[in-house]
Amino acid sequence: MSRTCLVVDDEPTIRELISLNLEAEGLVVHTASNGDDGEAVARSVMPDVIILDVMMPGRDGYDVLHSLKSDEATRGIPIV
């Protein structure tokens, strides 16, 4: 079974760079470009780990972190 990662970052270049490196290590990578989409993808995919940018327009990483850690279904997902 493949390990999955979610990369949430508003900068396309950063998202792509992180994704390419993780894919090269064999992970299946999902991406999101903002906090709302990141939270939605996290809830639908239930990744093994989330790489979450802090400074994003709209909902920042801290808000998404708090929301995911407050929910029983997603609180166990490690977030970097």
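Residue numbers here run from 1 along each chain, matching the order of that chain's written sequence. Totals for whole chains, interfaces and linings use all residues, but because this is a predicted model, local features are given only for residues with pLDDT of at least 70 and pairs of side-chain atoms are given and counted only at 80 or more. Side-chain metrics in this entry use all non-hydrogen atoms of the structure; hydrogen atoms and water are not considered.

Colleague: Would you explain the nonpolar core in this entry?
Modeller: General note: in soluble globular proteins, nonpolar side chains tend to be found buried as a group. Core analysis: the biggest nonpolar cluster contains 11 residues, these being Leu6, Val8, Ala32, Val41, Ala42, Ile50, Leu52, Met56, Val64, Leu68 and Ile77. Working definition: helices are DSSP H or I runs of at least four residues, strands are E runs of at least two. Numbering for both runs from the N terminus. When residues of this core are traced back to their parent elements, those giving at least two are β1 (4–8), α2 (35–45), β3 (49–52) and α3 (61–69). When sequence neighbours within four positions are dropped, the list of residues in contact with valine 8 reads Ala32, Asn34, Gly38, Ile50, Ile51, Leu52, Asp53 and Met56. Take the buried Ala, Val, Leu, Ile, Met, Phe, Trp, Tyr and Cys residues and link them wherever side-chain atoms come within 4.5 Å; each set so joined is a nonpolar core. Any residue under 20% of the maximum accessible area for its type is buried, any over 50% is exposed, and the rest in between are partly exposed; the area is computed with a 1.4 Å probe on protein chains only. Contacts are assigned to residue pairs with any non-hydrogen atoms lying within 4.5 Å of each other.

Colleague: Got a minute to help me understand the pattern of salt bridges in this structure?
Modeller: Any two side chains of opposite charge can pair, so long as their charged atoms come close to each other. Basic side-chain nitrogens of Lys or Arg form a salt bridge, by our definition, when they fall within 4 Å of a carboxyl oxygen of Asp or Glu. Applying the stated criterion across every chain yields a total of seven salt bridges. With a shortest N-O distance of 2.6 Å, arginine 59 and aspartate 63 are connected by a salt bridge. In this structure aspartate 63 comes out as partly exposed when scored by relative accessible area, which is 35%. One salt-bridge network, held together by shared partners, links Asp36, Glu39, Arg43, Arg59, Asp63 and Asp71.

Colleague: Where do I start with helix α1 (residues 12–24) in this structure?
Modeller: Along an α-helix, a turn takes 3.6 residues, which lines up residues three or four apart on a common side. For α1, spanning 13 residues, the distance from its first C-alpha to its last is 18 Å, which sits close to the expected 18 Å at 1.5 Å a residue. As for α1, its buried residues are in contact with β1, β2 (28–32) and β3. Where α1 terminates, the next one or two residues include glycine 26, which has phi positive at roughly 95°. To estimate the expected span of a helix, subtract one from its residue number and multiply by 1.5 Å.

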